[in-house]
Amino acid sequence: MKETLKLGLVLAAFAAGACVALALVYTVTGPTIEGHEIKQLEMSLKELFPAADSFRALDGDVAPKDGSVKFDQTYEVTRAGAPLGVAIKVRGSSYGGDTTMLVGVGTDRRITGVKVLDIKDTPGLGANAKSPTYFVDKSTKTTFPGQFAGKPLSDPFEVKKDVVAITASTITSKALTNMVKQAGIAAAEYLERSAQGGK
Amino acid sequence: MKRLVGIFVRGLVAENPLLMLMIGLCSALAVTTSVENAIGMGLAMTFVIVFAELVISLFRKLIPNSVRIPTFIIVIAAFTTIIDLSMKAYFPELSKSLGVFIPLIVVNCIIMGRVEAFASKEKPLDAVVDALGMGLGYTWVLVGIAAFRELLGNGTLLSAQIMPEAYQPILFFTLPPGGFLVFALFISFNIWLKRVLDRSDRAPVKEAA
């Protein structure tokens, strides 16, 4: 009994020491890490809406139509109070697992832009979706997510029809296209609602 | 002094954790698709192993034998979290591309193995030297494999285009099977290197005799 107590105390002492060290490091690095995350998100949002000056997080107002994708976060993008559109952080499953993308939808019912945030697909194949130097159209230097910019939501969003696939990565291409489509549908619905509510 | 040099060099070739002891391989194969990742991973790993071995060697007489493994894990996990948080704060890009492999240093068998086999029995100075040898032994192999794979598989080194534009990257080297192949080449290279070193070690002895 005494021996057990001693062992427990020794372990507790080590754990306490580790806790103190970690608390110190966390206090020092915490704000910087958070700052990076916010800055990164704002930079991505700015890429989709260069004219925007403010982003407001929407909670639960926008939900996907089917279960194939999830929305991590939705932002209403405005300039001087006037709405420019909606940006949605979409999470869906692709060839290599969870993939997240940021999809911007303008008030004119067009995709303003798409940015792949995280993709775990095969390097050199599916992961080319994120590469800034992989072009689906070499003559115009259009990347895979780049081709969605300006695309009207009334398009069918089907790979090999109105969407150019990444070579040898049909599963990735289809999964990402579906994510953009789902985000587009949900965003359009929200914009419709808020426009009516505004009137 | 000579003894310390001996401990240090051992980790680089004769007892290289990856090529001779063959432990800690999964992270090594996974992160070696680019040189930048390999350097980051190698240094993070070296940091953790040096401090883990130092702390455990300092407290080695206070750690009861029956709870030594949990104690080691607490120490290793603490240093791993420290390096993970620091990288997230000051090298966000690198930390992102290494992803889960930094937190996974906790369960890296190289650290656990050296702490158990070496640091828990030896003096702090020896332990730190051993850790440096093992850490750098791990790092040089990682960087070597990564250089090979990045150059052939992507045509770049440290993200700078090295191969001519016309070079068609050999994807195979970026994919896992290519990693195994390059790794095998490094093992054979290391065995050759060890033999050469052994021979040069023995030569002066013969002369003396």
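All values reported here derive from a predicted model rather than from experimental measurement.

(A) Structural context of the overall build of chain B. If you tally the helices and strands in chain B, you get eight helices and two strands. Taken over 209 residues, chain B has a buried fraction of 44%. Considering only contacts in chain B between residues 6 or more positions apart, those separated by 24 or more positions represent 76%. Surface accessibility of chain B: about 10,300 Å² in total, with carbon and sulfur atoms responsible for 71%. Charge-centre separation for chain B: the mean point of 17 positive side chains lies 9 Å from the mean point of 14 negative side chains.

(B) Fine view of the overall build of chain A. The secondary structure content of chain A amounts to two helices and seven strands. Walking chain A from its N terminus toward its C terminus, one meets helices and strands in the order α-β-β-β-β-β-β-β-α. Its C-alpha atoms give chain A a radius of gyration of 22 Å, clearly above 16 Å, the size a compact globule of 199 residues would have. Reported as C-alpha extents along the three principal axes, the dimensions of chain A are approximately 75 × 45 × 30 Å. Looking at chain A as a whole, 39% of its 199 residues are labelled buried. Total accessible area on chain A is roughly 10,800 Å²; 57% of this is exposed by carbon and sulfur atoms.

(C) Inspection of the pattern of salt bridges at higher detail. Residue and element names in this part refer to chain B. All told, the structure shown has 15 salt bridges over all chains when counted by the stated rule. Measuring nitrogen to oxygen at the nearest pair gives 2.9 Å for the salt bridge that ties Arg-114 to Asp-130. Within this pair, whereas Arg-114 is found in helix α6 (residues 109–119), its partner Asp-130 is found in helix α7 (residues 124–154), the two being separated by 16 residues in sequence. Arg-114 sits in the buried class, given a relative accessible area of 9%. Several salt bridges converge on common partners, so that one network encompasses Arg-10, Glu-15, Arg-114 and Asp-130.

(D) Summary view of the nonpolar core. Residues and elements named next belong to chain B. By size, the foremost hydrophobic cluster in this structure holds 52 residues, and its most contacted members are Leu-18, Met-41, Ile-102, Ile-105, Ile-111, Tyr-138 and Leu-142. If one sorts the elements of this core by residue count, helix α3 (residues 35–58) sits on top with eleven residues. Discounting chain neighbours no more than four positions away, the residues touching Met-41 are Ser-27, Val-31, Leu-98, Phe-101, Ile-102, Ile-105, Tyr-138 and Leu-142.

(E) Seen up close, the pairing of strand β5 (residues 111–118) of chain A. With six bridges joining them, strand β4 (residues 97–106) of chain A and β5 of chain A adopt antiparallel strand pairing. Bridge pairing in β5 of chain A links Val-103 of chain A to Val-114 of chain A.

(F) Inspection of the sheet that holds β5 of chain A at higher detail. Residue and element names in this part refer to chain A. Ordered in space as β1-β2-β3-β4-β5, the five strands form an open sheet in which the pairing is antiparallel. Strand pairing shows two members of the sheet lacking a second neighbour, β1 (54–58) and β5, which therefore form its edges. Taken pair by pair, the neighbouring strands of this sheet meet at an average axis angle of 25°, ignoring direction. Sheet topology places strand β2 (residues 69–79) next to strand β3 (residues 82–94); ten bridges connect them, and they run antiparallel. What sits directly across from Tyr-75, in β3, is Ala-87.

(G) Spatial organisation of the environment of Ile-162 of chain B. Residue and element names in this part refer to chain B. Structurally, the position occupied by Ile-162 is in the loop between β2 (160–161) and α8 (176–208). Using a relative accessible area of 48% as the deciding quantity, one classes Ile-162 as partly exposed. As for Ile-162 and Leu-151, which are separated by eleven residues in sequence, their C-alpha atoms are 7.4 Å apart. In this structure Ile-162 touches Leu-151, Gly-155, Thr-156 and Leu-157, once residues within four positions along its chain are discounted.

(H) Focus on helix α1 (residues 2–12) of chain B. All names here are of chain B. Residues Leu-4, Ile-7 and Gly-11 constitute the buried set of α1. The buried residues of α1 occupy an angular sector of 60° when projected down its axis, which confines them to one face. Next to the buried residues of α1 lie α6 and α7.

(I) Region of interest: unusual backbone geometry. Residues and elements named next belong to chain A. Non-glycine residue Lys-160 carries a positive phi angle of around 75°. Its relative accessible area of 64% is what places Lys-160 among the exposed residues. The backbone phi angle of Ala-168 is positive, close to 60°, even though this residue is not glycine. Relative to the helices and strands, Ala-168 resides in the loop between β7 (142–143) and α2 (170–198). A relative accessible area of 65% means that Ala-168 is categorised as exposed.

(J) Structural context of the domain arrangement of chain A. All names here are of chain A. If you check the domain split of chain A, you get domain 1 (1–48) and domain 2 (51–198). Taking only C-alpha atoms into account, the centre of domain 1 sits 34 Å from that of domain 2. Between domain 1 and domain 2, the contact holds seven residues from the first and twelve residues from the second. Both faces combined, the contact of domain 1 with domain 2 buries some 840 Å², and carbon together with sulfur accounts for 75% of it. For the pair domain 1 and domain 2, the number of links is one salt bridge.

(K) Up close: the side chain of Thr-143 of chain A. All names here are of chain A. Structurally, Thr-143 can be placed in strand β7. Taking relative accessible area as the criterion, Thr-143 reaches 18% and is therefore assigned buried. A distance of 3.0 Å separates the side chain of Thr-143 from the backbone nitrogen of Gly-146, its partner in a polar contact. Apart from residues lying up to four places away in sequence, Thr-143 is in contact with Ser-131, Pro-132, Tyr-134, Phe-135 and Val-136.

Here is what the cut-offs are and how they apply
All residue numbers refer to positions counted from 1 along the written sequence of the respective chain. Key to labels: chains lettered from A, ligands numbered from 1, both in the order written. Local features are withheld for residues below a pLDDT of 70 in this predicted model, meaning they are given only at 70 or higher, and side-chain atom pairs are given and counted only at 80 or more; totals for whole chains, interfaces and linings count all residues. Side-chain metrics rest on all non-hydrogen atoms present in the structure, leaving aside hydrogens and water. By definition, any uninterrupted DSSP run of H or I lasting at least four residues is a helix, any uninterrupted run of E lasting at least two residues is a strand, and each is numbered from the N terminus. Only protein chains enter the accessibility calculation, which uses a 1.4 Å probe; a residue is then buried when its area is under 20% of its type maximum, exposed when over 50%, and partly exposed in between. Here, residues are in contact when the closest pair of their heavy atoms is within 4.5 Å. Only the protein chains shown count as cover for residues, and the accessible areas themselves come from Shrake-Rupley with a 1.4 Å probe. Counting rule applied: Lys, Arg positive; Asp, Glu negative; His and chain ends not counted. In plain terms, the charge of a residue is placed at NZ if it is Lys, CZ if Arg, CG if Asp and CD if Glu. Two things to know: the radius of gyration comes from C-alpha atoms, and the globule rule equals 2.2 Å times the number of residues to the power 0.38. Within this document, salt bridges are pairs made up of a side-chain nitrogen of Lys or Arg and a carboxyl oxygen of Asp or Glu, the two lying within 4 Å of each other. Remark: nonpolar core denotes a set of buried residues (Ala, Val, Leu, Ile, Met, Phe, Trp, Tyr, Cys) joined through side-chain atoms within 4.5 Å. A pair of strands is treated as paired once DSSP finds two or more bridges between them. Axis geometry follows a simple rule: fit a line to the C-alpha atoms, using only the stretch in contact for helices, then measure angles between N-to-C directions, giving values from 0 to 180 degrees. Picture the helix axis, draw a direction to every C-beta atom, and the arc is the one those directions span. Domain start and stop positions are those given by an automatic or database domain assignment. Buried area: the accessible surface (1.4 Å probe) lost by two parts on joining, summed over both. Pairing of N or O atoms within 3.5 Å defines a polar contact, subject to two protein rules: one partner must be a possible hydrogen donor and the other a possible acceptor, and residues neighboring in sequence count only if both atoms are side-chain atoms.

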